[in-house]
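Now for the letters of each chain:
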Amino acid sequence: MAKKRLVLTFPPEVVERPVVAMMVRDYDVITNILRAEISEGEIGRMLVELEGPAARIKAGVRHLQELGVQVEDAIRDIELDDRLCISCGACTAVCQPRALKVGAPDWELVLDRDRCILCGFCVDACPLQLIKVKF
Ligand code: SF4
Ligand code: SF4
């Protein structure tokens, strides 16, 4: 099984098509939508994680591209300015994948980028606005 995180950019004419359902139905690829910014009639963007046999993921992605969807590898893009962090733990409380932790022995904030799904919840939680997430 392979896993791939991609950013999909949909032109307006494709925005309303059920492409995620198609990946599951036609290619048997597990498709998790991690973030989405989509409005009817406008360009849409979606961060997805695909899981399945590599050949099926490849075929599904090729089909998306044929439909006009722009496909790019997701760049892990979480920025944390830890020089100013006061280790208050507010961001850890909203981080469901437990990518952010404050704990012994030094009680400093630790970010595990491999666990981060770029959901952005921690961005609003930080009182000092030290975290930025982009995709
Ligand atoms: S973006 Fe989401 S998963 Fe990543 S560190 Fe913040 S809350 Fe956790
Ligand atoms: S919420 Fe902000 S200040 Fe508090 S631990 Fe997280 S990054 Fe540091």
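Q: Could you give me a rundown of the site of ligand 2, with the residues and numbers involved?
A: Lining the immediate environment of ligand 2, one finds 13 residues, of which Cys85, Cys88, Gly89, Cys91 and Cys126 sit closest. The residue makeup of the shell around ligand 2, split by class, is 11 nonpolar, 2 polar and no charged.

Q: Lay out the site of ligand 1 with the relevant residues and their values.
A: Around ligand 1, a shell composed of Ile78, Cys95, Pro97, Ala99, Leu100, Cys116, Ile117, Leu118, Cys119, Gly120, Cys122 and Val133 is seen. If you map ligand 1 onto the pockets, it falls in the second largest cavity. Tallied by class, residues from the shell around ligand 1 come to 11 nonpolar, 1 polar and no charged.

Q: Break down the sheet that holds strand β2 (residues 30-37) for me, with residues and values.
A: Hydrogen bonds between backbone atoms are what pair the strands of a sheet, whose relative direction is either parallel or antiparallel. Ordered by their spatial adjacency, 4 strands build an open sheet running β2-β3-β1-β4, and the pairing between neighbours is antiparallel. Strands with a single pairing partner mark the edges of an open sheet, and in this sheet they are β2 and β4 (70-73). Within this sheet the neighbouring strands show an average axis-to-axis angle of 25 degrees, counted without direction. Where strand β1 (residues 2-10) meets β4, 4 bridges bridge the pair, whose relative direction is antiparallel. Each residue of the ladder has a partner; that of Leu8, found in β4, is Val71. Contacts from helix α1 (residues 19-27) reach β1, β2 and β3 (44-52), with the element oriented near 170 degrees to β2.

Q: Mind laying out the side chain of Thr31, listing which residues take part and the relevant values?
A: Residue position: Thr31 is located in strand β2. Take Thr31: its relative accessible area is 13%, and that puts it in the buried class. Among the polar contacts listed, one links the side chain of Thr31 to the backbone oxygen of Val29, at a separation of 3.1 Å.

Q: Account for empty space enclosed by the protein, naming residues and giving values.
A: Applying the stated criterion to the full structure yields 2 cavities of 30 Å³ or more. By volume, the largest cavity is sized at about 90 Å³. Lining the largest cavity are 13 residues, and of these Cys85, Cys88, Cys91, Cys126 and Leu130 sit closest to its centre. The residue makeup of the lining of the largest cavity, split by class, is 12 nonpolar, 1 polar and no charged. Taken as a whole, the second largest cavity encloses approximately 70 Å³ of empty space. Lining the second largest cavity are 13 residues, with Ile78, Cys95, Cys116, Cys119 and Cys122 sitting closest to its centre. Taken together, the residues of the lining of the second largest cavity sort by class into 12 nonpolar, 1 polar and no charged.

Reading the values: the criteria
Residues numbered from 1 in each chain as written. Chains lettered and ligands numbered in written order. Predicted model: local features only at pLDDT ≥ 70, side-chain atom pairs only at ≥ 80, totals over all residues. Heavy atoms only, no water. Near = heavy atom within 4 Å. Nonpolar A, V, L, I, M, F, W, Y, C, P; charged D, E, K, R; others polar. 1 Å grid on protein atoms, 1.4 Å probe; cavity = no way out; pocket = protein on both sides within 12 Å on 5 of 7 lines; lining within 4 Å. Sits in = over half its atoms within 2 Å of the grid points. Pairing = 2+ DSSP bridges. Helix = DSSP H or I, 4+ residues; strand = E, 2+ residues; numbered from the N terminus. Axes fitted to C-alpha atoms, helices over the stretch in contact; angles between N-to-C directions. Contact = heavy atoms within 4.5 Å. Buried < 20%, exposed > 50% of the residue type's maximum accessible area, 1.4 Å probe, protein only. Polar contact = N/O pair within 3.5 Å; in protein donor to acceptor, adjacent residues only side chain to side chain. Points joined across faces, edges and corners; volume = space filled by probe spheres on them.

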